[in-house]
Amino acid sequence: MTRQFELKELIRSDNFIDGQWCAAADGARFAVSDPATGTVITQVADSSPADARAATDAAARAAPAWRNLLPKERATILHKWNALIVANQDALGALISLEQGKPLAEGRGEVAYGASYVAWFADEATRIYGDIIPQQQRGKRMTAAKEPVGIVAAITPWNFPLAMIARKIAPALAAGCTVVAKPAEDTPLTASALVLLAHEAGVPAGVLNLITASRDHAVATVADWLEDSRVRKITFTGSTPVGKYLARESAGTLKKLSLELGGNAPFIVFDDADLDAAVTGLLASKFRNGGQTCVCPNRVYVQAGVYDKFADMLSRRVAELKVAPATDPDAQIGPMINIRALDKIARHVDDALAHGARVLAGGKRLPELGPNYYAPTVLADANHEMLLCGEETFGPVVPLFRFDDEPEAIEAANNTPFGLASYFYSQDLRRIDRVSRALEAGIVGINEGALSSEAAPFGGVKESGYGREGSKYGLDDYLSIKYLCQGNLA
Ligand code: ADP
C-alpha cells in the first residue's frame, strides 16, 4: 500500500543527511513563513559549510552501491517514489500553496507535473544506451559507454518548490548519481517533504541529501560544494547573476553545469492571429503562478492592425481574474512570494507609467488582501525605454508593445541577452516557419501558451543558460561518456 501522509507529518524542519533528519551542526535555524499572511510556519535548519560537507561525505559513501544497482532496480525505486508523490498529491499541493502562495489547484497541478518527471526518468533509467562504434581497424573494438557523472549538487528556486527539484533529482538518481541539494530559503518545506517520500520509497541512506539555509548562510554553504572536487556537477535553476557566479566559482574544480536561468519571454501577436486563442494562451502562460515563472511572457508585441482590439479583449479577461489567498477555492492569483517581489513589480509599473504607459487593468497593490498582493495588470503603449522591457518583472503585469511588421517584431523579440521561452500567434504557415526559425530561444510556443512537459526538452540559449531538463535529452547532463578501446583481439 502506498502510504498517505497528513500535511503536518510532511512538514520537516531538519536537514536530511545520510538517511537521518538532523539539525544544523551549529543548531542555527531560520523562519519559513506563509506569503499570504506572514505567519511563521516553522523554523528550519540554517546550514553552514559543515553541513554541506557532511552531505557530500554521505553522498560519496553511498555512490558506489547506487551506481552499481541495475538500472531497473533504480527504476523500481523511482517508480515507488512517483507513486508516493501522486498518492500524497493533496497534502503536497497544500504544502506548496502554504509556503509559496499559489492557488490550491495550481499547487496540486505542480505535484502532478513534478511527479511526471520522476515517472519519466524512472523509465529513462532503463534506456541509457551507448554505442558500438563501427570497426575501424582489425583486432580493435571501440565502444562508447555512459556512466553517472558523480555527485550532483542541486540548487533550486522558490517558484516551483516541488517541480524544480524533482526534475533535477529524478534524472540524477536515474543516471546513478548521488545528490546533495539545497532548496530556496523561501520554500524549503516542499523539498523536505519530497525527500521524506523518496526515503519512504526506498532511496538508500546517503543517496539523496538535503540541507536548508537562509540567504545569509547559503553563499558560504554552497561554496563548500563549489570547491569540493568530489562534487562533479552543479544543476541550478535561478537568476542569471547567480548562475554566472556558480559557473565562475566552480571553475576551480571544473564541474559539469546545467543552468536554467532567467528569461525575458516575448509573446508576439500578428495581425493574422486567432485573437481568442492568443488571449487564452497569454492568460495561461502569463498568469500561471501569478506571473512568477521564468517562461512567462514578459513583453507582449501586438501588430498595429489588431492592437486596440487585442488590448480590449485581454484587459476585460484580466480584470475578471480572482485574486485571493491560496485557501480560497476560487483563487486564480495568489500573493507574490515576498515584499521584495512586490516592490519590484510596483517599481516596474511606476517606471512604465512615467515613460508613457497607460493602465488598462490593475496597476496597483491590493493591501486589503495583505502586503504581498498585486492586481493583475495590463499596460498599453509600452516602449523600450521602460525597465520592464529589459528585466523580468516576475509578477502579473502584461505590457503591450505595438509593432508594424514582422522584421520589426523579430528584432525586438530577440533584442535581449536572454533566450528561454518565446511565443507567437499567427495562422500563416510560411510566417510560422520563418518566425520559429528566427526567434533566439530554447523554447518556442506556436499558437500555444502551455509548453511544459516531461517529454519535452526544457532549457535556454544565450544568457538563459545551458542544459536541458526532461525529454530523452534530460539524462545526458547527468552522464559522461567513456570511450573503451579494446585491442589485440585477433
Ligand atoms: P531568485 O531571484 O528566484 O530568488 P536566485 O538565483 O537568487 O533566484 O536563487 C535561486 C537559488 O540560488 C536559491 O536556492 C538561492 O538560495 C540560491 N542562491 C542565491 N544566491 C546564491 C549564492 N551566491 N550562492 C549559492 N546559492 C545561491
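Cut-offs used in this document
Residues numbered from 1 in each chain as written. Predicted model: local features only at pLDDT ≥ 70, side-chain atom pairs only at ≥ 80, totals over all residues. Heavy atoms only, no water. Pairing = 2+ DSSP bridges. Helix = DSSP H or I, 4+ residues; strand = E, 2+ residues; numbered from the N terminus. Phe/Tyr/Trp six-rings, centres within 6.5 Å; stacked < 30°, edge-to-face > 60°. Buried < 20%, exposed > 50% of the residue type's maximum accessible area, 1.4 Å probe, protein only. Lys NZ or Arg CZ within 6 Å of the ring centre and 35° of its normal. Axes fitted to C-alpha atoms, helices over the stretch in contact; angles between N-to-C directions. Contact = heavy atoms within 4.5 Å. Near = heavy atom within 4 Å. Polar contact = N/O pair within 3.5 Å; in protein donor to acceptor, adjacent residues only side chain to side chain. Areas by Shrake-Rupley, 256 points an atom, 1.4 Å probe, with all protein chains shown as cover. Nonpolar A, V, L, I, M, F, W, Y, C, P; charged D, E, K, R; others polar. Parallel < 35°, antiparallel > 145°, perpendicular 65-115°, else oblique. Core = buried A, V, L, I, M, F, W, Y, C linked by side-chain atoms within 4.5 Å. Domains from an automatic or database assignment.

Draft legend 1. Layout of the pairing of strand β4 (residues 40–45). Where strand β3 (residues 29–33) and β4 come together, five bridges link them in antiparallel fashion. Its bridge partner lying in β4, Ala-31 is registered against Gln-43. Here β3 folds back onto β4, and the loop between the two strands holds six residues, one of which, Gly-38, carries a positive phi near 85°.

Draft legend 2. Broad picture of the packing of aromatic side chains. Enumeration according to the criterion identifies eight aromatic pairs in this entry. Here Phe-267 and Tyr-425 contribute two aromatic rings whose centre-to-centre distance is 5.3 Å and whose plane-to-plane angle is 25°, an arrangement assigned as stacked. With Phe-267 in strand β12 (residues 265–269) and Tyr-425 in strand β18 (residues 421–425), this pair connects stretches of sequence that are 158 residues apart. Note on Phe-267: relative accessible area 0%, which makes it buried. Note on Tyr-425: relative accessible area 2%, which makes it buried. With a centroid separation of 5.6 Å and an interplanar angle of 85°, the aromatic rings of Phe-270 and Phe-403 are classed as edge-to-face. One end of the pair, Phe-270, is in the loop between β12 and α10 (275–287); the other, Phe-403, is in strand β16 (residues 397–403), with 133 residues separating them in the sequence. The ring of Phe-458 has Arg-167 sitting right over it, with the charged end atom 4.1 Å from the ring centre. Taking NZ or CZ as reference, Arg-288 lies 5.9 Å from the ring centre of Tyr-113, over its face.

Draft legend 3. Quick look at the sheet that holds strand β15 (residues 377–380). Strand order in the open sheet formed by seven strands is β14-β15-β16-β13-β12-β18-β19, with mixed pairing between adjacent strands. One side of each edge strand has no neighbouring strand; the edge strands of this open sheet are β14 (358–361) and β19 (443–446). Shown here is a sheet whose adjacent strand axes are inclined to one another by a mean of 25°, direction ignored. Bridge count between β15 and β16: three bridges; the pairing is parallel. Along β16, the bridge assignment pairs Leu-379 with Pro-399. Of the strands in this sheet, β12, β13 (297–303), β16 and β18 are in contact with α10, which crosses β12 at around 165°.

Draft legend 4. Just the site of the ligand, in detail. Contacts to the ligand come from 16 residues, most closely from Thr-156, Lys-182, Glu-185, Arg-215 and Ser-239. With respect to the ligand, the backbone of Thr-156 contributes an N or O atom lying 2.7 Å from an oxygen atom. Side-chain polar atom of Ser-239 to an oxygen atom of the ligand: 2.6 Å apart, as the coordinates give it. Isolated, the ligand exposes 550 Å² of accessible area, and the fraction of that covered by the protein chains is 85%. Among the secondary structure elements, those contributing two or more residues to the shell around the ligand are α8 (215–227), β10 (231–237) and α9 (240–249). At three residues, the largest contribution of residues to the shell around the ligand is made by α8. Residue classes in the shell around the ligand are distributed as nine nonpolar, four polar and three charged.

Draft legend 5. Examining the packing of helix α4 (residues 89–100) against helix α7 (residues 188–201) more closely. Contact geometry of α4 with α7 gives a least axis separation of 8 Å together with a crossing angle of 155°. The angle between α4 and α7 places the two elements in the roughly antiparallel class. Counting all contacts with α4, which are made through Leu-92, Leu-95, Ile-96 and Glu-99, the residues of α7 involved are Pro-188, Leu-189, Thr-190, Ala-193 and Leu-197. Across the contact of α4 with α7, the residue classes break down as seven nonpolar, one polar and one charged.

Draft legend 6. Representation of the nonpolar core within the structure. In terms of nonpolar packing, the biggest core is built from 71 residues, with Ile-268, Phe-310, Leu-314 and Leu-400 touching the most fellow members. Per-domain counts for this core show at least three residues from each of domain 1 (7–261 + 464–484) and domain 2 (265–453). Beyond its immediate chain neighbours, meaning those up to four positions away, Leu-314 contacts Val-279, Leu-282, Leu-283, Val-378, Val-398 and Leu-400. Counting 60 residues, the second-largest nonpolar core is a separate cluster that includes Ala-62, Leu-92, Ala-115 and Leu-189.

Draft legend 7. Spotlight on the side chain of Asn-209. As for its position among the elements, Asn-209 is in strand β9 (residues 208–210). Looking at Asn-209, its side chain comes within polar contact range of the main-chain oxygen of Gly-206, at 2.8 Å. Ignoring sequence-local partners within four residues, the contact set of Asn-209 consists of Phe-16, Ile-17, Asp-18, Ala-55, Ala-58, Ala-59, Val-179, Val-180 and Ala-181.

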